[in-house]
Amino acid sequence: MRHSVSVAGVMVNDDGRAPLIQRRDNGRWEPPGGVLELDETIVDGLLREVREETGLLVEPVGLTGVHKNMTRGVVTLVFQCRAVEGGLATNDEVRAFRWAAFAEVPSLMDEAYAVRAPDALRANAPACPVRQHDGVNLVP
C-alpha cells in the first residue's frame, strides 16, 4: 500500500474559536484541509486546500501535529495558521461552517480529528521547519 499525505489548517479568532468545515460527502465536521498533489510543496498544498475549502488565504504559523491513519495509510500534517484575507464561502466540498470553541470540538468530531485543534493552539509550541528537497538539495 502506498501512503498519502494530507494537510490541515487550524485558525483561531480573537474569541478562541476555530472555523470548522462540514463536508458535503459525509456531513462530518473537521478542520479544513486535504490531500497534497504530487508536484506541490507542503505549504502550497496547505494554502490551496484551505483556500478551496474556506475561501480564506492563510499564512502558516507552524507545524503542530503529525497524524497517521493506520487503516488508510494517510499521513496528515496539521498547521496552526493565521487568516490574512478572504471570507468563508461554501462550495462543492463544504456544506457549512461553524466557529467552534475548543470545549465544543470533542462533541462535533471523531477523536482523530478533534485532537488537531487543541494541538494547533498549544502555548509556546516549538517551531518546526517545513522543507522539501529533491533527494539531494533543498527546493524552495
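About the thresholds
- For every chain, the first residue of the written sequence is number 1, and numbering continues from 1 onward in sequence order.
- Two thresholds apply to this predicted model, a pLDDT of at least 70 for residue-level local features and 80 or more for giving and counting side-chain atom pairs, whereas whole-chain, interface and lining totals are computed over all residues.
- Just so you know, side-chain values use all the structure's heavy atoms and leave hydrogens and water out.
- Starting at the N terminus, helices and strands are each numbered in turn, a helix being any DSSP run of H or I of at least four residues and a strand any DSSP run of E of at least two.
- Buried Ala, Val, Leu, Ile, Met, Phe, Trp, Tyr and Cys residues form a nonpolar core when they are joined through side-chain atoms within 4.5 Å.
- In this scheme, a residue with accessible area under 20% of its type's maximum is buried, one over 50% is exposed, and one in between is partly exposed, where area comes from a 1.4 Å probe on protein chains only.
- Expected span of a helix: the number of residues minus one, times 1.5 Å.
- Directions from the helix axis toward the C-beta atoms define the arc.
- Think of it this way: DSSP has to see at least two bridges between two strands before they count as a pair.
- Axis angles are defined between N-to-C directions and span 0 to 180 degrees, where every axis is a line fitted to C-alpha atoms and, for a helix, only to the segment in contact.
- Any two residues having at least one pair of non-hydrogen atoms within 4.5 Å are treated as being in contact.
- Any residue with an atom within 4 Å of a point lines the site, the site being either a cavity, points on a 1 Å grid over the protein atoms alone where a 1.4 Å probe fits but cannot get out, or a pocket, an open set with protein on both sides within 12 Å along at least 5 of 7 lines.
- Grid points are joined across faces, edges and corners, and a volume is the space filled by probe spheres set on the points.

**Student:** Explanation requested: the environment of isoleucine 42 in the structure shown.
**Tutor:** Along the chain, isoleucine 42 turns up in helix H1 (residues 42-54). Spatially, the C-alpha atoms of isoleucine 42 and glutamine 132 are 7.6 Å apart, while their sequence positions differ by 90 residues.

**Student:** Even after reading the chapter, I still don't get the nonpolar core, so can you show me in this structure?
**Tutor:** Soluble globular proteins tend to pack their nonpolar side chains together in the buried interior. Counting residues in hydrophobic clusters, the biggest one holds twelve residues: Val7, Met11, Leu36, Ile42, Leu46, Val50, Leu56, Val58, Leu63, Leu77, Phe79 and Cys81. Within the residue set of this core, elements represented by two or more residues are strand E1 (4-11), H1, strand E5 (56-69) and strand E6 (74-86). Listed in part, the seven residues of the second largest apolar core include Trp29, Ala100, Val105 and Ala114.

**Student:** So what exactly am I meant to see when it comes to H1 here?
**Tutor:** Since the α-helix packs 3.6 residues into each turn, any two residues three or four apart lie on the same face. Over its 13 residues, H1 extends 18 Å from the first C-alpha to the last, a length consistent with the 18 Å expected when each residue adds 1.5 Å. When H1 is considered as a whole, its buried residues turn out to be Ile42, Gly45, Leu46, Glu49, Val50, Glu53 and Thr54. What you see down the axis of H1 is that its buried residues fit within an arc of 130 degrees, all on one side. Phi turns positive one or two residues past the end of H1, at glycine 55, with a value near 90 degrees.

**Student:** Explain the sheet that holds E5 here, please?
**Tutor:** What holds strands together in a sheet is hydrogen bonding between their backbones, with the strands either parallel or antiparallel. Taken in spatial order, the four strands of this open sheet run E4-E1-E6-E5, and their pairing is mixed. With partners counted over all chains shown, the strands left at the sheet margins are strand E4 (33-35) and E5, one partner each. On average, each strand axis in the sheet is inclined to that of its neighbour by 20 degrees, with strand direction left out of account. Strands E1, E4, E5 and E6 of the sheet are contacted by H1, whose axis makes an angle of about 110 degrees with E5.

**Student:** Can you help me understand the side chain of glutamine 22 in this one?
**Tutor:** Structurally, glutamine 22 is set in strand E2 (residues 17-23). What glutamine 22 contacts, discounting residues up to four positions off in sequence, is Gly27, Arg28, Trp29, Glu93, Val94, Arg95 and Ala96.

**Student:** Looking at this structure, I do not really get the environment of leucine 88. What am I missing?
**Tutor:** Secondary-structure assignment places leucine 88 in the loop between E6 and strand E7 (94-101). We classify leucine 88 as partly exposed; its relative accessible area is 31%. Note: C-alpha distance between leucine 88 and glutamate 53 (35 residues apart in sequence) is 8.5 Å. Leave out the neighbours within four places in its chain, and leucine 88 touches Pro19, Thr54, Leu56, Phe97 and Trp99.

**Student:** Would you explain the sheet that holds strand E3 (residues 29-30) in this entry?
**Tutor:** Taken together, the three strands give an open sheet; going across it, the order is E3-E2-E7, and neighbouring strands pair in antiparallel fashion. Two strands bound the open sheet, and with one partner strand each, they are E3 and E7. Across seven bridges, the pairing between E2 and E7 is antiparallel. Bridging across to E7, alanine 18 finds its partner in alanine 100.

**Student:** I tried to follow the layout of surface pockets on my own but got confused; where do I start?
**Tutor:** Any empty space left between atoms is shown by rolling a water-sized probe over those atoms. In this structure, the largest pocket spans a volume of roughly 560 Å³. As for the largest pocket, its lining consists of 25 residues, and the residues nearest its centre are Ser6, Glu30, Arg72, Val74 and Tyr113. Elements with a contribution of two residues or more to the lining of the largest pocket: E1, E4, H1, E5, E6 and helix H3 (111-114). Ranked by residues supplied to the lining of the largest pocket, first place goes to E1 with four residues. Looking at the second largest pocket, its volume works out to about 160 Å³. As for the second largest pocket, its lining consists of His3, Ser4, Val5, Val35, Leu36, Glu37, Leu38 and Glu40.

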